[in-house]
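Per-entry structural report
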Amino acid sequence: MLTGTLTALITPFRDGQIAYDDLRKLVEYQIKGGIDGLVPAGTTGEASTLSHEEHMDVVRAVIDHARGRVPVIAGTGSNSTDEAVQLTRLAHEAGADGMLVVAPYYNKPGPEGLFRHFCAIAETTDRPIILYSIPSRCVIEIGIPVVERLRARYPHVRGIKEAGGSVDRVDQLKEALGRDITVLSGDDSLTLPFMAAGAEGVISVASNLYVREVGRMVRDAAANDFARARRMHRKLYPMFKAIFVEPNPVPIKTALARAGIIGSPEVRLPLWKMAAATEAHLTRVLKGVNSR
């Protein structure tokens, strides 16, 4: 359940509150589109602006509506170890199939502190854990030796979402751990080169909207049909870049609202709606992708 295309779900808002009807609609859209898994309450889900109660309400809502049709991997990371442990425990109790746990941001722990942080989380659940390395947001990356130590101690530390922008990391992880670690791309535009180097899928922002297309590209790459996968990558590449012209998830929410999948592109401060110029650019790119 940790391979293929997993969507990093947005959290829809309306008038400052979570729009649960839109969230259920989005989950259904994903499942009908053939998604392999759902990841609520992560970076794309604006977890940092959700209260603890909202965070768990979102996770529970996605689990309830998915009804076991696809796995739900709950975002439970925090820069507070105690908070991450609590979120992981609550997600486990809610029935999450696995947890996505980001490296602690702002604190900048060293390797030993990082290892012990993840150990505390891993002791809380026996369900699969996906580590999440994203140095652009956390300043630190999860070093290969830390991953090796965690994997040796906890068999359920099964994967890593790699969002450092380097194909080298895929090679390094596979050299060190081989098939013992599942590597998932954290950057839509790098999914294909990551899979060529041995990654097994993606936790995708783009699949919020283009669920069938991203899924097809990933399935083709997994089947070693890189010629066909490359054609889809070429079609989607302008969109992969356009949905990051402003901070995530502002553009993808705008695109989802324009497509009628959610009712509003609303985000919470400190994020803000798209500027007119970048929204016009996004519209042109999506129109081009849809016409190809």
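Check the entry above for the structure.
Each chain has its residues counted from 1, following the order in which its sequence is written. pLDDT decides what is reported in this predicted model: residues at 70 or higher carry local features, side-chain atom pairs at 80 or more are listed and counted, and totals for whole chains, interfaces and linings draw on all residues regardless. By convention in this description, side-chain values take in all heavy atoms of the structure and omit both hydrogens and water.

Comments concerning the overall build of the protein
Short version of the rule: Helix numbers and strand numbers start at the N terminus; a helix is a DSSP run of H or I with at least 4 residues, a strand a run of E with at least 2. The atom set for the radius of gyration is the C-alpha atoms, and the globule formula is 2.2 Å times the number of residues raised to the power 0.38. We call a residue buried when its accessible area falls under 20% of the maximum for its residue type, exposed when it is over 50%, and partly exposed in between, using a 1.4 Å probe and counting protein chains only. Any two residues whose heavy atoms approach within 4.5 Å at even a single point are treated as in contact. Only the protein chains shown count as covering a residue, and every accessible area follows the Shrake-Rupley method with a 1.4 Å probe. When charges are tallied, Lys and Arg are placed among the positive residues and Asp and Glu among the negative ones, while His and the ends of the chain are skipped. The atom standing in for a charge is NZ when the residue is Lys, CZ when it is Arg, CG when it is Asp and CD when it is Glu.
Within the protein, the secondary structure is distributed over twelve helices and ten strands. For 292 residues, the compact-globule formula gives about 19 Å, and the C-alpha radius of gyration of the protein, at 18 Å, lands near that figure. On the principal axes, the C-alpha backbone points of the protein span a range of 50 × 45 × 35 Å. Looking at the protein as a whole, 54% of its 292 residues are labelled buried. For the protein, the proportion of contacts with a sequence separation of at least 24, taken over those separated by at least 6, is 72%. Accessible area of the protein: about 12,300 Å², with a carbon and sulfur share of 49%. Charge separation in the protein, taken as the distance between the mean sites of 36 positive and 33 negative side-chain charges, equals 6 Å.

Some thoughts on the pairing of strand β10 (residues 201-204)
Note the following rule: Strands were regarded as paired on the criterion that DSSP finds at least two bridges between them. Think of it like this: strands point away, you trace from the first strand over the helix to the second, and a clockwise trace means the crossover is right-handed.
Side-chain alternation along β10 places G201 and I203 on one buried face and V202 and S204 on a second face that is also buried. Direction of pairing for strand β1 (residues 4-8) relative to β10: parallel, over a ladder of four bridges. Within β10, the position partnered with G4 by the bridge is G201. As paired elements, strand β9 (residues 182-185) and β10 share two bridges and run parallel to each other. For S185, the partnering residue across the bridge sits in β10 and is V202. Between the parallel elements β9 and β10, the chain passes through helix α8 (residues 191-196) in a crossover that is right-handed.

Here we look at the side chain of H55
Among the structural elements, H55 can be located in helix α2 (residues 52-66). Look past the residues within four positions of H55 in its chain and what remains in contact with it is A41, A47, L50, G75 and L87.

Some words on the packing of aromatic side chains
Note the threshold: For this analysis, a ring pair means two rings from Phe, Tyr or Trp (six-membered ring only for Trp) whose centres lie within 6.5 Å, classed as stacked if their planes differ by under 30 degrees, edge-to-face if by over 60, and tilted for the remaining angles. By definition here, charges over rings are those cases where NZ of Lys or CZ of Arg is within 6 Å of the ring centre and within 35 degrees of the ring normal.
Within the structure shown, the criterion is met by zero aromatic pairs. Positioned over the ring face of F115 is R149, at 3.7 Å from the centre of the ring. Its guanidinium or amino end placed over the ring of Y132, K161 lies 4.1 Å from that ring's centre, counting from NZ or CZ.

Topic: the pattern of salt bridges
Put simply, the rule is: Definition used for salt bridges: Asp or Glu carboxyl oxygen within 4 Å of a side-chain nitrogen of Lys or Arg.
Overall, the coordinates contain 14 salt bridges when judged by the stated rule. Note that E46 and K253 form a salt bridge whose closest N and O atoms lie 2.6 Å from each other. On the criterion of sequence distance, the pair formed by E46 in the loop between β4 (37-39) and α2 and K253 in helix α11 (residues 250-258) is long-range, its members being 207 residues apart. For the residue pair E46 and K253, the accessibility class agrees, reading buried in each case.

Overview of the environment of A152
Residue placement: A152 occurs in helix α6 (residues 144-153). Look at A152 and you get exposed, because its relative accessible area is 68%. The spatial distance from the C-alpha of A152 to the C-alpha of L177 is 9.9 Å, given a sequence separation of 25 residues.

Regarding the packing of helix α3 (residues 81-94) against helix α4 (residues 111-122)
Our working definition: Only C-alpha atoms enter the line fits that serve as axes; for helices the fit covers just the stretch in contact. Angles between N-to-C directions range over 0 to 180 degrees. We call two directions roughly parallel when the angle between them is under 35 degrees, roughly antiparallel when it is over 145, roughly perpendicular when it lies between 65 and 115, and oblique otherwise. Each crossing gets its hand from how the near helix is turned against the far one by less than a right angle, where anticlockwise is left-handed and clockwise is right-handed.
Between α3 and α4, the shortest axis-to-axis distance is 9 Å and the interhelical angle comes to 25°. One way to sum up the angle between α3 and α4 is to call them roughly parallel. α4 is crossed by α3, and the crossing has right-handed handedness. Two secondary-structure elements touch here, α3 through T81, A84, V85 and T88 and α4 through H117, A120 and I121.

A short note on the pairing of strand β7 (residues 129-133)
Where a strand is regular, its side chains alternate between the two sheet faces. Most of β7 sits out of view: five of its five residues are buried. Every second residue of β7 is oriented toward a common face, with I129, L131 and S133 on one face and I130 and Y132 on the other, all of them buried. Alignment of strand β6 (residues 98-102) against β7, held across four bridges, turns out to be parallel. Opposite V101, over in β7, you have L131 as the bridge partner. A crossover links β6 with its parallel partner β7, the connecting element being α4, and its sense is right-handed. Looking at chain direction, β7 and strand β8 (residues 157-162) are connected through five bridges and run parallel. Considered in β8, the bridge of S133 is made with E162.

Read these as spatial facts, not as claims about activity.
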